[in-house]
There are 2 protein chains.
Amino acid sequence: MAIEAREIVNAYALRNFCAEVFQKMGVSEEDSRITADILVLADLRGVNSHGVARLKRYVDGLKNGVMLAQPDEKVVKETKTTAVIEAGSGLGQPVSKRAMQKAIDKANDIGIAFVTVRNSNHYGIAGYYSMMALDQDMIGISMTNTEVLVVPTFGKDALLGTNPISVAIPAAQERPYVLDMATSVVPRGKIEVYNRLEKPLPLGWVTDTKGNPSTDAGEILENFESRAGGGLLPLGGAGEYLSGHKGYGMMLLVEMLTGILSGSAFADKVYPKDDDGNPLPANLGHFFGAMRIDYFRDLDEFKADMDTLIRKLKNSNKSEGQSRIYIHGEKEFEKADKYRKEGIPLHPKVAKNLKQIADELDVEYKL
Amino acid sequence: MAIEAREIVNAYALRNFCAEVFQKMGVSEEDSRITADILVLADLRGVNSHGVARLKRYVDGLKNGVMLAQPDEKVVKETKTTAVIEAGSGLGQPVSKRAMQKAIDKANDIGIAFVTVRNSNHYGIAGYYSMMALDQDMIGISMTNTEVLVVPTFGKDALLGTNPISVAIPAAQERPYVLDMATSVVPRGKIEVYNRLEKPLPLGWVTDTKGNPSTDAGEILENFESRAGGGLLPLGGAGEYLSGHKGYGMMLLVEMLTGILSGSAFADKVYPKDDDGNPLPANLGHFFGAMRIDYFRDLDEFKADMDTLIRKLKNSNKSEGQSRIYIHGEKEFEKADKYRKEGIPLHPKVAKNLKQIADELDVEYKL
């Protein structure tokens, strides 16, 4: 198979391009900039599935009314430690950034705060929001429910999303710990990659329409489209043998804290359609949290202990054939450093996609 | 292999017996009762590994000074939303119950509260504490670090505990959701069961001293004792193939929130020994949280949505060969109902153990 040449683009230019696209779609300058920032950060961190490859879906969403360019966003409930924000079917990113900032501001005053968002859309990488807490030397938390793709343990119908969890915790000299994980074994994007390469899937990632193991990427993707049954497996795989019920449990926790606690849609009620099959606003829910570390112990001592733990793990003995032990977020930080300097490699299909958007909206594509 | 007859004992009598044992060891009446309650609840819920089978270890701990019967427990830091409690090397259960109660009381006033405990001991089942929030219609959280048994992804040295997470969330007519899971694929207890039955372990549970997959339960248990290397795998198994790095990430999160945030020992510094190899106080850390649901949305609406989600999952189509989909905690609630009525079946070895303790401490064993 021939490897197609990747287009290397400058992160800054890519962000400006995306922001301009959003503005052309009627989104305010500030919200356009926030959304572009978060999309490009995904590409910088190597999470292409959540980067500018999605720009077309956002443009389409803004066109067909699934996402509103000028939403009626408002805080509908607020206390010293909590808030609930109605996103008004706007883009997921700007409201999520404001929600996390509200959590941080409240935590700054009182120690801990949680903010939920309802009636929102895809919010990009979960880790963007949790990492906002790091500058304040706080612990940050971010979760969302998502498109339904995952079967519960012993079930064969996809009823839950890949529901990611992100937690960011600062260290001193070492890079912060940034967990950002789907609660399924793998995200949908990995199935799409295997399908493109025509490779069989590893056993333990997905089930077929009967709930049995499958290795056929193409079939699974078709089953998603037709809602025929089957889907991704929760972390831990099928059944209870390797504790798939634990991944299912984490996924359910995210669904409850995001979909239900915010008063959004949950399970198979997200991404609804009207009677004619046209997409309606996604009605996703998010959950954000911030906590002050110095309310528990001296901040410098805490951060020094974080360094100790991180170094102990990284310097410990490797299993046969391995040369490195990672801390969560580390690979992504290294990638971002590299791509910021050298540029972001875009898949030819994605680059073509962006050019089409540029043509259609009359935005200059010069990256 | 002959199946040995189990002794069926009354839960109430078993609890009184345990409480009397603790009192004989110098523990206050109240703390004895709390610890006994929590041990027996584990047996009632079918989590034998955390039940009265551990009584001997507690008695030994109180004898050799790893656990202090009359600890100098105190609140060392406190705000409206947070507290840190020094356990003074006392039993893990009483201080943990008080810590969780403090979190609930604070959350009652302000919406959300987190309380950490440092310098503590084994606290029993994580779910006892998270479930305390249910009566108050709050969400409860409980985590602890534990004895070091698990290898990080790509590592071969056990440096982390099985670090459980428990979250309890109330429903209306349905039973509450009670997640209570080790972040390893399986807990140590399961390896002991396979060893007793002389059965090979399923691949994906443990690694040998080189960090390679193993199925030999006896060898793994010996490696634990001699700290030769190898150990349990995080949820998701070895490497990144089935996303073992996610289980490792959750485990690390628990270590940071319990060991580090509380100012306790962490990683391989828990359960230290003196120069002669004698055990010192375990210095475990715990983390407890409570949050009011009605600070986010109407409580009845929330609980009704919980019922809807739970029923949707339970009534959905089963995978081939399966007849039931579970919600977390459900199996344990059913077992507790049964055992409360019919009595708790004790393994003959455990019953023998209890009788020896009774003889030694001159406590009547009449269950």
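Everything numeric here is computed off the predicted structure, so don't read it as measured data.

Chemist: An account of the overall build of chain A is needed here, citing residue identities and associated values.
Modeler: A tally of helices and strands in chain A yields 11 helices and 14 strands. In terms of C-alpha radius of gyration, chain A reaches 21 Å, essentially the compact-globule figure of 21 Å for 367 residues. Principal-axis analysis of the C-alpha atoms places the extent of chain A at approximately 55 × 50 × 45 Å. Taken over 367 residues, chain A has a buried fraction of 59%. Within chain A, contacts between residues separated by at least 24 positions form 64% of all contacts whose residues are at least 6 apart in sequence.

Chemist: Summarise the relation of the copies chain B and chain A; cite the residues concerned and give the values.
Modeler: For the match of chain B to chain A, the screw axis carries a shift of 0.0 Å, the RMSD comes to 0.0 Å, and the turn is 180°. When the rotation and shift are considered jointly, the pair of chain copies conforms to a two-fold rotation axis. Measuring from the rotation axis to each C-alpha of chain B, the shortest distance belongs to G236 of chain B, at 2.5 Å. Looking at the interface residues of chain B, 100% of them are also at the interface in chain A, so both copies use one shared face.

Chemist: Which residues make up the interface of chain B and chain A, and what values go with them?
Modeler: Taken together, the contact between chain B and chain A spans 68 residues of the former and 69 residues of the latter. Elements represented by at least two residues in the side of chain B that touches chain A include exactly strand 3 (82-86), strand 4 (112-120), strand 8 (165-169), strand 9 (177-181), helix 8 (244-262) and helix 9 (299-314) of chain B. When the residues that make up the side of chain B that touches chain A are grouped by side-chain class, the tally is 33 nonpolar, 22 polar and 13 charged.

Chemist: Give me the lowdown on the sheet that holds strand 13 (residues 284-292) of chain B, citing residues and values where you can.
Modeler: Residues and elements named next belong to chain B. Spatial strand order, 2-3-4-13-5-8-9: 7 strands in an open sheet with mixed pairing. Unpaired on one side and paired on the other, strand 2 (74-78) and strand 9 mark the two borders of the sheet. Across the sheet, the mean angle from the axis of one strand to that of its neighbour is 15°, orientation sign disregarded. Strand direction decides the pairing type here: strand 5 (residues 138-144) and strand 8, joined by 4 bridges, are antiparallel. Bridge pairing links M143 to I165 in strand 8.

Chemist: Requested: an account of the pairing of strand 13 of chain B, with residues and values cited.
Modeler: Residue and element names in this part refer to chain B. The buried count for strand 13 comes to 9 of 9 residues, which makes it a mostly enclosed element. Burial along strand 13 is two-sided: L284, H286, F288, A290 and R292 and G285, F287, G289 and M291, pointing in opposite directions, are all buried. In terms of strand pairing, strand 5 meets strand 13 through 7 bridges, oriented antiparallel. Bridge pairing in strand 13 links M143 to F287.

Chemist: Could you give me a rundown of the nonpolar core, with the residues and numbers involved?
Modeler: Among the nonpolar cores identified, the biggest contains 246 residues, and C18 and A103 of chain A together with C18 and A103 of chain B are the most heavily contacted of them. Apart from residues lying up to four places away in sequence, C18 of chain A is in contact with A36, L39, V40, V52 and L55 of chain A.

Chemist: Outline the pairing of strand 4 (residues 112-120) of chain A, supporting the account with residue identities and numerical values.
Modeler: Residue and element names in this part refer to chain A. Buried residues dominate strand 4, accounting for 9 of its 9 residues. Here 5 bridges tie strand 3 (residues 82-86) to strand 4, and the two strands are oriented parallel to one another. In the sheet register, T82 faces strand 4, and the bridge partner there is F114. With helix 4 (residues 92-110) bridging strand 3 and its parallel neighbour strand 4, the resulting β-α-β unit is right-handed.

Chemist: Kindly report on the sheet that holds strand 9 (residues 177-181) of chain A, identifying the contributing residues and their values.
Modeler: Residue and element names in this part refer to chain A. With mixed pairing, 7 strands are arranged side by side in an open sheet as 2-3-4-13-5-8-9. The sheet is open, and its two borders are formed by strand 2 (74-78) and strand 9, each paired with just one other strand. Across the sheet, the axes of successive neighbouring strands diverge by a mean angle of 15°, strand direction being ignored. Where strand 4 and strand 13 (residues 284-292) come together, 7 bridges link them in antiparallel fashion. Bridging from a neighbouring strand, T116 pairs with F287 of strand 13. Its contacts with the sheet put helix 8 (residues 244-262) on strand 3, strand 4, strand 5 (138-144), strand 8 (165-169) and strand 13, and the angle it makes with strand 13 is roughly 100°.

Chemist: Could you give an account of helix 9 (residues 299-314) of chain A, with specific residues and numbers?
Modeler: For helix 9 of chain A, built from 16 residues, the straight-helix expectation of 22 Å at 1.5 Å per residue is met to within 8% by its first-to-last C-alpha distance of 23 Å. Along helix 9 of chain A, the residues classified as buried are F302, K303, D305, M306, L309, I310 and L313 of chain A. Looking straight down helix 9 of chain A, one finds its buried side chains confined to an arc of 160°; they lie on one side. On its buried face, helix 9 of chain A sits against strand 8 of chain A together with helix 8 of chain B.

Chemist: I'd love a proper account of unusual backbone geometry, names of residues and values included.
Modeler: Of note, S243 of chain A is a non-glycine position whose phi angle comes to about 70°, a positive value. By the element assignment, S243 of chain A lies in the loop between strand 12 (231-232) and helix 8. Exposure remark for S243 of chain A: the 29 C-beta atoms within 10 Å place this residue in the buried category. The phi dihedral of E198 of chain B is positive, around 55°, even though this residue is not glycine. By the secondary structure assignment, E198 of chain B is in the loop between helix 6 (188-196) and strand 10 (206-207).

Chemist: Outline helix 4 (residues 92-110) of chain B, listing residues and values.
Modeler: Three or four residues apart is the spacing at which side chains of an α-helix point the same way, because the helix has 3.6 residues per turn. Residue and element names in this part refer to chain B. Under the 1.5 Å per step criterion, the end-to-end length of helix 4 is 27 Å for 19 residues, consistent within 8% with the ideal 27 Å. Across the 19 residues of helix 4, 14 count as buried, placing the element largely inside the fold. In the stretch just after helix 4, G111 is the one whose phi turns positive, near 110°.

Chemist: Any details on the domain arrangement of chain A? Residues and values, ideally.
Modeler: Residue and element names in this part refer to chain A. Assigned domains of chain A: these are domain 1 (7-185 + 233-305 + 329-333 + 345-361) and domain 2 (186-232). On a C-alpha basis, the centroid separation for the pair domain 1 and domain 2 is 24 Å. If you look at the interface, domain 1 gives 15 residues, while domain 2 gives 17 residues. When its residues are assigned to classes, the side of domain 1 that touches domain 2 shows 8 nonpolar, 5 polar and 2 charged.

Chemist: Which residues make up the packing of helix 3 (residues 55-64) of chain A against helix 11 (residues 348-361) of chain A, and what values go with them?
Modeler: All names here are of chain A. At a closest axis distance of 9 Å, the pairing of helix 3 and helix 11 adopts a crossing angle of 35°. Residues L55, K56 and V59 of helix 3 pack against N353, L354 and I357 of helix 11. Here the residues of the contact of helix 3 with helix 11 sort into 4 nonpolar, 1 polar and 1 charged.

Chemist: An account of the packing of helix 1 (residues 11-24) of chain B against helix 2 (residues 29-44) of chain B is needed here, citing residue identities and associated values.
Modeler: All names here are of chain B. Contact pair helix 1 / helix 2: the axes reach a minimum separation of 8 Å and the direction vectors enclose 140°. In terms of orientation, helix 1 and helix 2 fall into the oblique class. Read as a crossing pair, helix 1 and helix 2 show a hand that is right-handed. Here helix 1 contributes A11, L14, R15, C18, A19, F22 and Q23 to the contact with helix 2, which in turn contributes E29, S32, R33, T35, A36, D37, L39, V40 and L44.

Chemist: Just give me the short version of the environment of G124 of chain B, but keep the residues and values in it.
Modeler: Residue and element names in this part refer to chain B. Relative to the helices and strands, G124 is located in the loop between strand 4 and helix 5 (127-131). Judged by the 27 C-beta atoms lying within 10 Å of it, G124 falls in the buried class. Sequence-wise, G124 and R54 are 70 residues apart; in three dimensions their C-alpha atoms are separated by 9.1 Å. Every residue in contact with G124, bar those within four places of it in the chain, is listed here: I38, L39, A42, H50, G92 and Q93.

Chemist: Account for the environment of V117 of chain A, naming residues and giving values.
Modeler: All names here are of chain A. As for its position among the elements, V117 is in strand 4. In this structure, the C-alpha to C-alpha distance between V117 and S262, residues 145 residues apart in sequence, is 5.9 Å. What V117 contacts, discounting residues up to four positions off in sequence, is I85, A87, V95, S96, A99, S262, G285 and H286.

Rules used throughout
Residues numbered from 1 in each chain as written. Chains lettered and ligands numbered in written order. Predicted model: local features only at pLDDT ≥ 70, side-chain atom pairs only at ≥ 80, totals over all residues. Helix = DSSP H or I, 4+ residues; strand = E, 2+ residues; numbered from the N terminus. Rg over C-alpha atoms; globule rule 2.2 N^0.38 Å. Buried ≥ 20, exposed ≤ 12 C-beta atoms within 10 Å, placed from the backbone. Contact = placed C-beta atoms within 7 Å. Least-squares fit on C-alpha atoms with pLDDT ≥ 70 in both. Nonpolar A, V, L, I, M, F, W, Y, C, P; charged D, E, K, R; others polar. Pairing = 2+ DSSP bridges. Axes fitted to C-alpha atoms, helices over the stretch in contact; angles between N-to-C directions. Core = buried A, V, L, I, M, F, W, Y, C linked by C-beta atoms within 7 Å. Right-handed = clockwise from strand over helix to strand, strands pointing away. Expected span 1.5 Å × (residues − 1). Arc of directions from axis to C-beta. Domains from an automatic or database assignment. Parallel < 35°, antiparallel > 145°, perpendicular 65-115°, else oblique. Left-handed = near helix turned anticlockwise from the far one by under 90°.

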